[in-house]
Amino acid sequence: MNMKSMKYALSILATLFFTAPVVTLADDAPPPLAEMWTLSPKADHGSELWKALGEHLAFRAEHGDPRAWQGYTPLLGDDLSRLGARYCCFNWADVDAYREWSDNNPQVGEHFRDNVAPHVEKTEHYFEKLDWGNSHWTTEHGPYKLFAVTEFKIKPGHAADFDIAREKMSQIALNQGWASDSHVWLWSSTIGGEANESIIIPHRNFASMDREEESFFQFLSRHMDSEDAARELMQKFSNASSDTYYQIWEHQEEISMSTEE
């Protein structure tokens with residue numbers, strides 16, 4: 001990564017997973033984009049990277065960063081030392097404005113280069129397109145600490161089938177009573193890299209993951225008049241992806257910027 005890209009990269013340090021405005025997505029949905037960066041530390045530099053990133057975000061805040069970046073760590077798999085930083089929500093034009101802010105504040109990029117970059121082995125970056133129309137997102141049942149993310153790798157040529165099935169299931173959920181304070185979700189698609197779609201489900205704690213109630217399949221069956229119809233729809237959805245990946249991201253206050261104005 002060249003110097004200008006590195007400066008912008010940590011100027012931007014997006015969501016799934018996540019801080020969103022307090023909305024229920026009725027008439028005034030937030031802007032459609034989020035941005036995610038993940039930083040993997042060099043061997044034996046995990047604690048140093050954590051400390052350096054926290055100090056860097058404080059430095060950014062002191063210099064008027066207009067974005068309140070939120071920090072996350074993964075809880076599953078074999079690469080648990082990664083740090084994720086995400087910002088939501090904005091329009092494409094806001095990217096131009098943010099890059100201009102970065103260019104006008106070179107000391108911020110220099111601080112990252114001098115204090116954070118020496119501990120970084122690998123950087124990944126993605127934009128996300130958020131599908132508010134098929135989502136039910138609210139923070140009223142939070143605050144959320146954990147974000148369960150299921151990522152679907154879409155088969156070539158099957159994106160339309162996936163979108164049709166996703167929209168039909170989502171609209172039934174939204175219009176027939178599944179959407180509630182205890183059933184909150186957000187759909188997103190990755191911009192950059194392979195064609196991936198994700199659903200993000202927030203939780204206050206681990207206990208909130210343990211729900212004793214009807215399954216979504218049972219819910220669909222009731223509102224589609226038969227199990228066969230529900231099964232056919234879910235099979236169409238499943239057949240559009242070649243693989244799935246499940247991760248839980250934990251929000252970390254120590255490497256997050258304040259969201260208070």
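In every chain, residue numbers begin from 1 and rise along the written sequence. Thresholds applied to this predicted model are a pLDDT of at least 70 for local features of residues and 80 or more for the giving and counting of side-chain atom pairs; totals over whole chains, interfaces and linings are not thresholded and use all residues. The side-chain figures draw on all heavy atoms in the structure; neither hydrogens nor water molecules are used.

(A) View of the overall build of the protein chain. Secondary structure counts use DSSP, requiring at least four H or I residues in a row for a helix and at least two E residues in a row for a strand, with both numbered from the N terminus. Scanning the protein chain for helices and strands turns up seven helices and eight strands. Counting the 261 residues in the protein chain, one finds 47% classified as buried. Between buried and exposed lies partly exposed: a residue is buried under 20% and exposed over 50% of the maximum accessible area for its type, with that area taken using a 1.4 Å probe on protein chains only.

(B) Quick look at the pattern of salt bridges. What makes a salt bridge here is a side-chain nitrogen of Lys or Arg within 4 Å of a carboxyl oxygen of Asp or Glu, nothing more. Taken as a whole and judged by the stated rule, the model has 14 salt bridges. A salt bridge links arginine 67 to glutamate 35; the nearest nitrogen and oxygen atoms lie 3.4 Å apart. Taken together, the residues span a long stretch of sequence, with arginine 67 in the loop between helix 2 (46–62) and strand 2 (70–74) and glutamate 35 in strand 1 (residues 33–41) at a distance of 32 residues. For the pair formed by arginine 67 and glutamate 35, the shared burial category is buried. Among the ionic pairs, arginine 113 bridges to aspartate 114, the shortest N-O distance being 3.3 Å. For aspartate 114, a relative accessible area of 48% gives the class partly exposed. Where salt bridges share partners, they join Asp131, Asp163, Arg166 and Glu197 into one cluster.

(C) Seen up close, the nonpolar core. For our purposes a nonpolar core is just a set of buried Ala, Val, Leu, Ile, Met, Phe, Trp, Tyr and Cys residues, chained together by side-chain atoms within 4.5 Å. In this structure, Leu39, Leu49, Leu53, Trp69, Phe90 and Val116 are the most contacted members of the largest nonpolar core, which totals 23 residues. Among the secondary structure elements, those contributing two or more residues to this core are strand 1, helix 2, strand 3 (83–90), helix 3 (92–104), helix 4 (106–115) and strand 4 (120–136).

(D) Expanded view of the state of the cysteines. Sulfur atoms of two cysteines make up a disulfide when they are within 2.5 Å. Within the structure shown, the criterion is met by one disulfide. The residue that forms a disulfide with cysteine 88 is cysteine 89, at a sulfur-sulfur distance of 1.9 Å. Residues cysteine 88 and cysteine 89 are joined by a disulfide whose S-S torsion is about 75 degrees; by sign, that bridge is right-handed. Here the two residues cysteine 88 and cysteine 89 agree in accessibility, since each one is buried.

Take it as geometry only, folks, not as evidence of what the structure does.
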